[in-house]
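# A look at the structure
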Amino acid sequence: MSRQARARERLAALRARREAARARLARRRPARRRWPWLLLLLLPLLCLIPDCPPPPDEVATPEPTPEAPAPAGELPSEPVPVPRMDAIPRPAFRTPPPAPVPWVTALRLQVAARSPRLAECFVGATRPGKLRWSASVEPASGLPSDHSLEPLFQTDGLSRAERDCVLQVLSDPPYQLRHAGERATPSRVGMVLEF
């Protein structure tokens with residue numbers, strides 16, 4: 001027998017096996033499809049089965065019925081006493097005041113040195129005023145962030161140009177602050193600026 005004849009026989013055998021496997025799967029498929037429908041039909045029937053009574057050995061004793069609440073229109077004859085608890089003496093909790101930030105004085109001096117540049121922001125102002133400036137200052141870099149400018153007393157609000165000018169003067173150049181690296185987060189500082 002030649003190679004081609006053997007290859008044809010093998011191919012025919014493989015095709016026959018494949019057809020037999022397909023036939024087996026085709027016979028099983030309808031049976032598999034019936035199970036979900038059968039389960040869906042059984043679920044409502046299981047819900048209709050009544051609960052069984054307890055066995056006669058274990059007769060349930062009736063629970064005492066609670067007293068009926070008073071009708072909504074009637075108040076109880078006696079007020080319900082509320083128990084009072086005595087105060088528990090506790091020691092006073094005193095927290096030590098935070099240590100002052102050592103570089104605040106240097107920051108105030110450097111802000112005061114910028115007053116000529118700050119005055120240029122208010123050229124043409126009709127009357128003098130006061131602002132409270134607060135910001136978070138990182139001592140290592142000397143850069144302030146999270147600025148807040150609040151007019152005090154009867155000071156007029158700042159225009160957009162005045163606000164941008166003030167924040168630019170207060171932020172640039174960075175402040176030169178000596179620190180020992182004691183705090184890892186920026187400290188919130190504030191001061192009053194007069195113009």
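Details of the structure are given in the entry above.
This structure is a prediction, so every number in the text was calculated from the model and none was measured.

A few words on the overall build of the chain. The number of helices and strands found in the chain is four helices and three strands. Start at the N end of the chain and walk to the C end: the helices and strands fall as α-α-α-β-β-α-β. Sequence separation of 24 or more characterises 74% of the internal contacts of the chain that already satisfy a separation of 6 or more. Accessible surface for the chain amounts to roughly 17000 Å². Of this, 60% is attributable to carbon and sulfur atoms.

This brings us to the state of the cysteines. Under the counting rule described, the total for this entry stands at one disulfide. What pairs with C121 in a disulfide is C165, and their sulfur atoms sit 1.9 Å apart. In this structure the cystine formed by C121 and C165 twists about its S-S bond by roughly -70°; its chirality is therefore left-handed. Placement of the pair is C121 in the loop between α3 (115–120) and β1 (130–138) and C165 in helix α4 (residues 160–171), with a sequence separation of 44 residues.

A probe matching the size of a water molecule, rolled over the atoms, marks out where space remains unfilled. Empty space within the largest pocket amounts to approximately 200 Å³. As for the largest pocket, its lining consists of 14 residues, and the residues nearest its centre are S115, L118, L193, E194 and F195. Taken together, the elements giving at least two residues each to the lining of the largest pocket come down to α2 (104–113), α3 and β3 (187–194). Looking at the lining of the largest pocket element by element, the count peaks at four residues for β3. Grouping the constituent residues of the lining of the largest pocket by class yields 11 nonpolar, one polar and two charged.

This part is about the pairing of strand β2 (residues 143–151). Bridge analysis of β1 against β2 gives seven bridges, and the strand direction is antiparallel. Each residue of the ladder has a partner; that of V137, found in β2, is P144. The antiparallel pairing of β1 with β2 creates a hairpin that spans four residues between the two strands, and G142 there sits at a positive phi of about 75°.

With the rule as written, the count across this model stands at four salt bridges. Here D146 makes a salt bridge to R188, at a shortest N to O gap of 3.3 Å. On the criterion of sequence distance, the pair formed by D146 in strand β2 and R188 in strand β3 is long-range, its members being 42 residues apart. We note a salt bridge from D164 to R160, for which the minimum N-O separation is 4.0 Å. Of this pair, D164 and R160 are both found in helix α4, four residues apart, which corresponds to roughly one turn of the helix.

About the thresholds
- Residues numbered from 1 in each chain as written.
- Predicted model: local features only at pLDDT ≥ 70, side-chain atom pairs only at ≥ 80, totals over all residues.
- Heavy atoms only, no water.
- Helix = DSSP H or I, 4+ residues; strand = E, 2+ residues; numbered from the N terminus.
- Contact = heavy atoms within 4.5 Å.
- Areas by Shrake-Rupley, 256 points an atom, 1.4 Å probe, with all protein chains shown as cover.
- Disulfide = S-S within 2.5 Å.
- 1 Å grid on protein atoms, 1.4 Å probe; cavity = no way out; pocket = protein on both sides within 12 Å on 5 of 7 lines; lining within 4 Å.
- Points joined across faces, edges and corners; volume = space filled by probe spheres on them.
- Nonpolar A, V, L, I, M, F, W, Y, C, P; charged D, E, K, R; others polar.
- Pairing = 2+ DSSP bridges.
- Salt bridge = Lys/Arg side-chain N within 4 Å of Asp/Glu carboxyl O.

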